[in-house]
Amino acid sequence: SVPVGSTARKQLEIVNRGGGIAEGKIVIGAPWKIDGPAGYRLTAGARMVLKVVFAPDTPGNFDTLLRCTSQPEASVTVHGEAVSALTATPAKVVLQQDVADDPVRTGSFELTNATDTDRPVALTGGARLQFPPDINVPAHGSVKVTLLSAAKDVAPLADEIRVASSGTTLVIPVRAAAVGPIVRTSRETVAFGRVDAASSAETRLALENIGGTVADVKLEVGTPFTTEPKTALAPGEKKSVILRTQPAPAGRHRSLLKVKIDQRDFCLLYTSDA
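Per chain, residues are indexed from 1 in the order of the written sequence. Only residues with pLDDT of at least 70 get local features here, since the model is predicted, and only at 80 or more are side-chain atom pairs given and counted; chain-wide, interface and lining totals rely on the full set of residues. To get the side-chain values, take all heavy atoms of the structure and skip hydrogens and water.

Right, let's get into the sheet that holds strand β6 (residues 47-54). Strand pairing is defined by DSSP finding a minimum of two bridges between the two strands. Each helix corresponds to a stretch of at least 4 residues labelled H or I by DSSP, and each strand to a stretch of at least 2 residues labelled E; elements are numbered beginning at the N terminus. Read from one edge to the other, the open sheet built from 3 strands follows the order β2-β6-β4, with strand pairing classed as antiparallel. Of all the strands in the sheet, just β2 (8-15) and β4 (32-34) have a single pairing partner and so form its edges. For this sheet, the mean angle separating the axes of adjacent strands, direction not counted, is 30°. Sheet analysis places β4 next to β6, joined by 3 bridges and oriented antiparallel. In the sheet register, K33 faces β6, and the bridge partner there is V53. A fitted line through C-alpha atoms represents every axis, and for helices the fit uses only the stretch in contact; the resulting angles, taken between N-to-C directions, go from 0 to 180 degrees.

Here we come to the pattern of salt bridges. Salt bridge, as applied in this entry: a Lys or Arg side-chain nitrogen positioned within 4 Å of an Asp or Glu carboxyl oxygen. Applying the stated criterion to the full structure yields 8 salt bridges. Here E23 ties to R41 by a salt bridge, and the two come within 3.7 Å at their closest N and O atoms. Of this pair, E23 sits in strand β3 (residues 22-27) while R41 sits in strand β5 (residues 39-42); the two residues are 18 residues apart in sequence, bridging distant segments of the chain. For the pair shown, E23 and R41 are each scored as exposed. Among the charged side chains, a salt-bridge network with shared partners connects R105, R128 and D153. Partly exposed describes any residue whose relative accessible area lies between the buried limit of under 20% and the exposed limit of over 50%, with all areas from a 1.4 Å probe on protein chains only and scaled to the type maximum.

Sheet architecture is open: 4 strands sit in the order β19-β21-β25-β23, paired in antiparallel fashion. Since the sheet does not close on itself, it has two edges, and those belong to β19 (183-185) and β23 (225-227), each with one partner. Neighbour to neighbour, the strand axes of the sheet diverge by 30° on average, direction disregarded.

Tracing the backbone shows A88 in strand β9 (residues 86-89). Between the C-alpha atoms of A88 and L207, which are 119 residues apart in sequence, the distance is 43 Å. Note on contacts: a residue pair is in contact if any heavy atoms of the two residues lie within 4.5 Å. The contacts of A88, once residues within four sequence positions are left out, are F109, E110, L111, L170 and I172.

What follows concerns unusual backbone geometry. T89 connects to P90 through a cis peptide bond whose omega is -5°. Along the polypeptide, P90 turns up in the loop between β9 and β10 (93-94). Note that the residue after T223, namely P224, is joined by a cis bond; omega there is 10°. Mapped onto the elements of the fold, P224 is located in the loop between β22 (215-221) and β23. If you check the backbone angles, H140 has positive phi at about 55° while not being a glycine. Along the chain, H140 falls in the loop between β15 (134-137) and β16 (142-149). Looking at H140, the relative accessible area reads 56%, which means it is exposed.

Okay, here's the thing in structure tokens:
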């Protein structure tokens, strides 16, 4: 197993076991070659040691025959495996939204160095991705590379990372779906203050969808408060919902407003002094 761009050498001895002179040339095709003269002239019983060089420039398994032109039947099977000096796993990265209310999407890939020396690596990619620009992959070692989308980027993503090191270049596609709906509110507590127990009061609460897809919002609240049961927010849209109090016995009233999006919910505290 030889990294692409590297070479490996093996010695091969040829012997003339006959009684005459064996004269000819050693023939072998790429990605092999003979290190030094490929011709031979062997008297009876003479020996010659050749160096066969494996110099692959593409990855893969290679098999061929080494032949002596003076006796084509005298052949040797030659096998070599070429591996990329630097490989990335997986070959494609799909960024995922790890936290439901955080628009940042993350992913990673592992770089593996198949050579005998450390490899400095330069990474380049689109402005929508965050990643280390330079890393070092140790000889016969691996390094994990983490990718992040920009903090406010919620749209679908189709980009790539280019990995360059000592003549080796890898292109890693990076994909991500749009960020799901993320609804934020303008405040965490709604206080009506003192209101007439026999009448109603109202206020507004701002909702904003900072996600990348439509948010179908359902709203639930306990008495004596009411609100509209549902609303929809497009990506980036802000909208106010009306919150009301109903006539109720005098006293301090509290309830939780449940804001539900895609089976997820969060709560706000309503208060009213009546």
